[in-house]
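Here is what each chain is made of, one letter per residue.
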Number of protein chains: 2
Amino acid sequence: MTNDPMRLKRVSITDVAKAAGVSPATVSNALNKTRHVEAETLDRVMRAVRELGYVPNAAARRFRTGRANSIAVFSSMPAPVAAGPSKLGFLMEIAAAAAEAALHHGLALVLVPPVPNAAQVLRDTSIDGALLIEPSADDPFGQILRDRNIPTVTIGDSGGSDMPCIQFDYPLMARLMLDHLRDAGAREFLLVVGSSKRATHAAMRSAYLAQAEATGMTPHVLELDEELGEAGATRMVAEILRDRPGVDGIMSPVDAFASGALQAVRLAGRRVPEDIRVITRYDGARAREANPQLTALNLKLDRVARLAIDRLIIEIAGGVGPATTPAPAPALIVRPSTVIA
Amino acid sequence: MTNDPMRLKRVSITDVAKAAGVSPATVSNALNKTRHVEAETLDRVMRAVRELGYVPNAAARRFRTGRANSIAVFSSMPAPVAAGPSKLGFLMEIAAAAAEAALHHGLALVLVPPVPNAAQVLRDTSIDGALLIEPSADDPFGQILRDRNIPTVTIGDSGGSDMPCIQFDYPLMARLMLDHLRDAGAREFLLVVGSSKRATHAAMRSAYLAQAEATGMTPHVLELDEELGEAGATRMVAEILRDRPGVDGIMSPVDAFASGALQAVRLAGRRVPEDIRVITRYDGARAREANPQLTALNLKLDRVARLAIDRLIIEIAGGVGPATTPAPAPALIVRPSTVIA
DNA sequence: CGATCTCGTTAAAACGTTTTACAGGCGTCG
DNA sequence: CGACGCCTGTAAAACGTTTTAACGAGATCG
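Thresholds, definitions, all that
- Residues numbered from 1 in each chain as written.
- Chains lettered and ligands numbered in written order.
- Predicted model: local features only at pLDDT ≥ 70, side-chain atom pairs only at ≥ 80, totals over all residues.
- Heavy atoms only, no water.
- Near = heavy atom within 4 Å.
- Polar contact = N/O pair within 3.5 Å; in protein donor to acceptor, adjacent residues only side chain to side chain.
- Helix = DSSP H or I, 4+ residues; strand = E, 2+ residues; numbered from the N terminus.
- Domains from an automatic or database assignment.
- Core = buried A, V, L, I, M, F, W, Y, C linked by side-chain atoms within 4.5 Å.
- Buried < 20%, exposed > 50% of the residue type's maximum accessible area, 1.4 Å probe, protein only.
- Contact = heavy atoms within 4.5 Å.
- Buried area = accessible area lost by both parts, 1.4 Å probe.
- Salt bridge = Lys/Arg side-chain N within 4 Å of Asp/Glu carboxyl O.
- Phe/Tyr/Trp six-rings, centres within 6.5 Å; stacked < 30°, edge-to-face > 60°.
- Expected span 1.5 Å × (residues − 1).
- Axes fitted to C-alpha atoms, helices over the stretch in contact; angles between N-to-C directions.
- Parallel < 35°, antiparallel > 145°, perpendicular 65-115°, else oblique.
- Left-handed = near helix turned anticlockwise from the far one by under 90°.
- Nonpolar A, V, L, I, M, F, W, Y, C, P; charged D, E, K, R; others polar.
- Pairing = 2+ DSSP bridges.
- Right-handed = clockwise from strand over helix to strand, strands pointing away.

Visitor: Help me understand the protein's contact with DNA strand C in this model?
Guide: Close contacts around DNA strand C come from 26 residues, with A:Arg35, A:Thr41, B:Ile13, B:Tyr54 and B:Arg64 the closest. Taking the atoms of DNA strand C that fall within 4 Å of the protein, sugar and phosphate contribute 61% of them. Contact distances for DNA strand C include 2.9 Å between a base nitrogen and a side-chain N or O atom of A:Arg64. At 3.2 Å, a backbone N or O of B:Asn57 approaches a phosphate oxygen of DNA strand C. Elements with a minimum of two residues in the surface near DNA strand C: helix H2 (24–32) and helix H4 (58–65) of chain A together with helix H2 (24–32) and helix H4 (58–65) of chain B.

Visitor: Would you mind going over the domain arrangement of chain A with me for this structure?
Guide: Often the size quoted for an interface is simply the accessible area lost on bringing the parts together. Here chain A is partitioned into domain 1 (13–56), domain 2 (70–168 + 300–329) and domain 3 (170–299). A separation of 63 Å is found between the C-alpha centroids of domain 1 of chain A and domain 3 of chain A.

Visitor: Explain the nonpolar core here, please?
Guide: General note: in soluble globular proteins, nonpolar side chains tend to be found buried as a group. A:Leu131, A:Phe168, A:Met251, B:Leu131, B:Phe168 and B:Met251 are the most contacted members of the largest nonpolar core, which has 101 residues in total. Filtering out sequence-adjacent residues up to four positions away, A:Met251 remains in contact with A:Met177, A:Leu178, A:Leu181, A:Phe189, A:Leu190, A:Leu191, A:Val192, A:Met204, A:Tyr208 and A:Ile279. In terms of nonpolar packing, the next biggest core, distinct from the first, is built from 34 residues, A:Ala118, A:Phe141, B:Ala72 and B:Leu103 among them.

Visitor: Before we go on, may I ask you to explain the protein's contact with DNA strand D in this structure?
Guide: Residues in contact with DNA strand D amount to 25 residues; listed here are only the nearest, A:Ile13, A:Tyr54, A:Arg64, B:Arg35 and B:Thr41. Near the protein, within 4 Å, the atoms of DNA strand D are sugar or phosphate in 59% of cases. Within the side chain of A:Arg61, an N or O atom sits 3.1 Å from a phosphate oxygen of DNA strand D. At a separation of 2.5 Å, a base oxygen of DNA strand D approaches a polar side-chain atom of B:Arg35.

Visitor: Could you clarify how one ought to interpret the interface of chain B and chain A in this entry?
Guide: Each side of the interface is counted separately: chain B has 47 residues, and chain A has 46 residues. Summed over both partners, the interface of chain B with chain A buries about 4,300 Å², with 63% contributed by carbon and sulfur atoms. Inspection of the chain B/chain A interface yields 2 salt bridges. The shortest N-O distance in the salt bridge between A:Glu289 and B:Arg288 comes to 2.6 Å.

Visitor: Help me understand the environment of A:Met236 in this model?
Guide: Residues and elements named next belong to chain A. For methionine 236, the location among the structural elements is in helix H10 (residues 229–243). Methionine 236 gets classed as partly exposed once you look at its relative accessible area, which sits at 26%. For the pair formed by methionine 236 and glutamate 223, sequence separation is 13 residues and the distance between their alpha carbons is 9.5 Å. Setting aside its immediate chain neighbours within four residues, methionine 236 contacts Leu222 and Leu224.

Visitor: Is there a simple way to think about the packing of aromatic side chains in this case?
Guide: For any pair of aromatic rings, geometry is given as the distance between the ring centres together with the angle between the planes. Evaluated as defined, the whole model comprises 9 aromatic pairs over all chains. Geometrically, the ring pair formed by A:Phe63 and B:Phe63 is stacked, given 5.0 Å between the ring centres and 15° between the ring planes. Here A:Phe63, found in helix H4, pairs with B:Phe63, found in helix H4, and the two come from separate chains. On the basis of relative accessible area, A:Phe63 is assigned to the partly exposed category, the value being 36%. Their ring planes at 90° and their centres at 5.9 Å tell us that A:Phe168 and A:Tyr170 sit as a pair that is edge-to-face.

Visitor: What should I look at first to understand helix H11 (residues 255–267) of chain B in this one?
Guide: Every α-helical turn comprises 3.6 residues, leaving residues that sit three or four positions apart pointing alike. All names here are of chain B. Taking 1.5 Å as the rise per residue, H11 with 13 residues should run 18 Å; its terminal C-alpha atoms sit 18 Å apart, in good agreement. By the criterion of burial, H11 is predominantly enclosed, with 10 of the 13 residues buried. Within H11, burial applies to Asp255, Ala256, Phe257, Ala258, Ser259, Gly260, Ala261, Leu262, Ala264 and Val265. The elements touched by buried residues of H11 are strand S6 (189–194), strand S7 (220–224), helix H10 (229–243), strand S8 (249–252), strand S9 (277–282) and helix H12 (285–289). Trailing H11 by a residue or two, glycine 269 shows a phi angle of about 75°, which is positive.

Visitor: Looking at this structure, I do not really get the packing of helix H5 (residues 90–104) of chain A against helix H13 (residues 301–316) of chain A. What am I missing?
Guide: Helix packing geometry: the angle between the two helix axes and the distance between the axes. All names here are of chain A. At a closest axis distance of 8 Å, the pairing of H5 and H13 adopts a crossing angle of 50°. The angle between H5 and H13 places the two elements in the oblique class. As for how H5 packs across H13, the hand of that crossing is right-handed. Counted together, Phe90, Glu93, Ile94, Ala97, Ala98, Ala101 and Ala102 of H5 and Leu301, Asp302, Ala305, Arg306 and Ile309 of H13 form the full contact between these two elements. Grouping the constituent residues of the contact of H5 with H13 by class yields 9 nonpolar, no polar and 3 charged.

Visitor: Help me out: how do you make sense of the pattern of salt bridges in this one?
Guide: Residue and element names in this part refer to chain A. Using the criterion set out here, one finds 28 salt bridges over all chains in the structure. Residue glutamate 230 is joined to arginine 286 by a salt bridge in which the shortest nitrogen-to-oxygen separation is 3.1 Å. Of this pair, glutamate 230 sits in helix H10 while arginine 286 sits in helix H12 (residues 285–289), and the two are 56 residues apart along the sequence.

Visitor: Can you help me understand the environment of B:Ile144 in this one?
Guide: Residue and element names in this part refer to chain B. With respect to the helices and strands, the residue isoleucine 144 is situated in helix H7 (residues 140–147). In this structure, the C-alpha to C-alpha distance between isoleucine 144 and arginine 235, residues 91 residues apart in sequence, is 35 Å. Contacts of isoleucine 144, omitting those with residues within four sequence positions, involve Ala119 and Leu122.

Visitor: I keep staring at the pairing of S7(B) and nothing clicks. Help me out?
Guide: Moving residue by residue along a regular strand, the side chains alternate between the two faces of the sheet. Residues and elements named next belong to chain B. Alternating positions in S7 separate cleanly, His220, Leu222 and Leu224 being buried on one face and Val221 and Glu223 remaining unburied on the opposite face. Of the pairings in the sheet, the one linking S6 to S7 comprises 5 bridges and is parallel in character. The residue bridging valine 193 from the neighbouring strand is glutamate 223, located in S7. Taken together, S6, helix H9 (residues 199–215) and S7 constitute a β-α-β crossover, and its handedness is right-handed.

Visitor: Just checking my understanding: could you explain unusual backbone geometry for this structure?
Guide: The bulk of non-glycine residues show a negative phi, and the bulk of peptide bonds are trans. In this model, B:Val272 is joined to B:Pro273 through a cis peptide bond whose omega is 5°. Its location among the elements puts B:Pro273 in the loop between H11 and S9. Of note, the bond from B:Asn291 into B:Pro292 is cis; its omega dihedral lies within 30 degrees of zero at 0°. Along the chain, B:Pro292 falls in the loop between H12 and strand S10 (295–298). The phi dihedral of A:Glu134 falls on the positive side, at around 40°, and the residue is not glycine. Residue A:Glu134 is classed as buried on the basis of its relative accessible area of 3%. Even without being glycine, B:Lys300 reaches a positive phi, approximately 55°. Tracing the backbone shows B:Lys300 in the loop between S10 and helix H13 (301–316). Judged by its relative accessible area of 22%, B:Lys300 falls in the partly exposed class.

What follows is the structure, given as structure tokens:
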């Protein structure tokens, strides 16, 4: 019924109007309930809609109203440590929960993986708002989103911008990891962070250094380009293990680095966790499938994603909301990489 | 520069035209390279664009051209067995790879999780095409997509429709699983399938029955509503294990069912794999994080997703492509749930 | 009873872009 | 030299919807 053989022109609101004997404006009002229309008229309109199989042109509507009914989720974490086809990570976990939450508010979620030409999404498709995951201080997506003033909520940390943020408690995360390493018996441990300007690295580093000073431990900080990914971590950590035989613990906020470190330990012929304990922050596929499985933090990303969507809705509506919303407290998940089963 | 204090009206193509002293049409042609414009004119236009900070209105463009520059990925697998915030699955794995591939072609990917109001995405946002994952014969999304004649590529099986398809080799999948179970020593095994009309269930069932007949094995098929998810599988499989003490193997195309079955075996006080071997089809988080880890198939979903995107591009362009494209052959991943380490 | 208000409806404008049809200039060919 | 074609540019239409301003009819009020 709805489409005739020769791929006819789609039926428009004026066709409906004509069929129902009313004006296009009335049809619009009837469908969107923007103004009251008399019951009898409404009925005629609805019947015409049904008979003609009218379905509103989303593109035209979006054009006219300026509302896109969709939001995007970005992450500037480079591919080697973020999502990859087989290594679903942070981004995808948030995307899954966010998509569901967004849909609940009538918004579609467009998924923007960390590839070089990702910014073109902002040029070629219209979105009402964006989620930005753990931006660095000089985040490229952050720049563009701000320039276009697209309502944006950041997840983790605002990266120094004034965008609203679902704030991770980085100090608490660091403390959980540090304390657990000590409790597990480590006395001299290595911190592996990324070299980007992300809050997670900075916070982890300062908490680590503070603790080192307090306990008199000699600090070892390895700073790694995130592009190097897991293999890079293996290589660099192996070097350190050779130079600093006293190291008996490794912590990293980046799961790819931790899992790379695990490799390095194995290659060095040391045992996990007996000789060296390894702990990471993000409990993703890498942590759970490592051998031995990695102790990590439950970041409760599904709840974080929902909070972010809720906050973004406010922002899009032009309402005023809190500059930062605290994320739920992370919880330690103890696994065999730090304690003997 | 780009936005003045009082949140001024966005600069449009006519503003640029005025500033450059040309017509809007020329600006359009200059930007899109639809026609040649003289070098000197082009230069004036580009300068004006830069100075005014013009950025084309994606919504208007999409409205005018009818191209949305985005595609959607749907799965009608109910939430209990498909993606969930913490159980990233089939859908998300394909989405991740598809998003990357799509972006490569200048298309954004909108992620449509299996929630009740998912169909509204088709009403409220415009898309050029869709990916539909393993549709059942009476798939609700399939219906709508066909009605609206939105170019669609199905993944796995076309669900009886005439949509182009990246075809899984279900018989081969079944054979790999059946043969491996036998090789691992199982002699009387149980097949757990969903009750929906999906090709995977039908193919698995018929291969199973054929093999049973050929080898003289008494067949046990458990058909389960997909909505029941993992817990439902545990309950029902437990019952069967009680009634049929001879069962020494369990296979299921659905990872949630297999992992539920694993629970049932444990509850029954039987050992995996010594007493009962368990094998599943989809190698997702559930399979890899189960205890013991589940033997499964590598479906090479990243390559499947890329194939699907390539095929969809053709379909959107109105070109003619193959009705079915074979997916790469699956490969068995042997894990402790079927053989002793 | 005239003025004012409310209610349902409508005509027309507006959104920003691409595209179509045309115009003028200039070179080329017959 | 006229006809024709090519090249660069432009005016105007078109896309389908929402929104604004206005309109007529009836009700209400002074």
